[in-house]
Amino acid sequence: MTALLKVESQYVNQFQELIAQLPKNAVNITPIKNSLSKEVEKRIEHYKRGKMETTPFSEGLNSIREGLLNRL
């Protein structure tokens, strides 16, 4: 069985103790990086505070086009 669990930070130690009581190799834990929504929120805050360097859409698109044409 595969399940995705979200453990609140205040209960992480208790959760780890619970898992440690299970037989060895009974559970395989793979931590997941921050969710995409947290990353988006972080980037929005950086943008609002003026900490993020931005490029106008048309300039960015032109740069992508040039890169693709150079590969041909």
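As shown above, the structure is provided for reference.
Residues numbered from 1 in each chain as written. Predicted model: local features only at pLDDT ≥ 70, side-chain atom pairs only at ≥ 80, totals over all residues. Heavy atoms only, no water.

Novice: Whenever I open this one, the overall build of the chain confuses me. Can you help?
Specialist: When you go through the chain residue by residue, the secondary structure sums to three helices and zero strands. Compactness check: the chain gives a C-alpha radius of gyration of 22 Å against a globular reference of 11 Å for 72 residues, more than 25% above the reference. By the burial criterion, 0% of the 72 residues in the chain qualify as buried. By element, 53% of the accessible surface of the chain is carried by carbon and sulfur atoms, the whole surface being about 7,600 Å². Taken as two groups, the 11 positive and 8 negative side-chain charges of the chain have centres that lie 4 Å from each other. (Helix = DSSP H or I, 4+ residues; strand = E, 2+ residues; numbered from the N terminus. Rg over C-alpha atoms; globule rule 2.2 N^0.38 Å. Buried < 20%, exposed > 50% of the residue type's maximum accessible area, 1.4 Å probe, protein only. Areas by Shrake-Rupley, 256 points an atom, 1.4 Å probe, with all protein chains shown as cover. Lys, Arg positive; Asp, Glu negative; His and termini not counted. Charge placed at Lys NZ, Arg CZ, Asp CG, Glu CD.)

Novice: Would you mind going over unusual backbone geometry with me for this structure?
Specialist: Generally, phi is negative for residues other than glycine and the peptide bonds are trans, each holding for most cases. The backbone of N25 sits at a positive phi, close to 65°, despite the residue not being glycine. As for its placement among the helices and strands, N25 is situated in the loop between α1 (12-20) and α2 (36-48). You can call N25 exposed: its relative accessible area is 73%.

Novice: So what exactly am I meant to see when it comes to α2 here?
Specialist: Side chains of residues three or four places apart in an α-helix project in the same direction, reflecting 3.6 residues per turn. Between its terminal C-alpha atoms α2 stretches 18 Å, which fits the 18 Å expected from 13 residues at 1.5 Å a residue. Positive backbone phi, at 80°, marks G50, one or two positions downstream of α2. (Expected span 1.5 Å × (residues − 1).)

Novice: Got a minute to help me understand the pattern of salt bridges in this structure?
Specialist: Under the counting rule described, the total for this entry stands at three salt bridges. K42 is paired through a salt bridge with E39; the nearest N and O atoms lie 3.4 Å apart. Taken together, the residues K42 and E39, both in helix α2 and three residues apart, mark about one turn of the helix. A relative accessible area of 27% places E39 in the partly exposed class. For R49, the salt bridge goes to E45, with nearest N and O atoms at 3.8 Å. Its relative accessible area of 57% is what places R49 among the exposed residues. Where salt bridges share partners, they join E39, K42 and R43 into one cluster. (Salt bridge = Lys/Arg side-chain N within 4 Å of Asp/Glu carboxyl O.)

Novice: How should the environment of A20 be read in this particular structure?
Specialist: Topologically, A20 is positioned in helix α1. For A20, a relative accessible area of 61% corresponds to the exposed category. Measuring from C-alpha to C-alpha, the distance between A20 and E41 comes to 34 Å, with 21 residues separating the pair along the chain.

That's the geometry; what it means functionally is another story.
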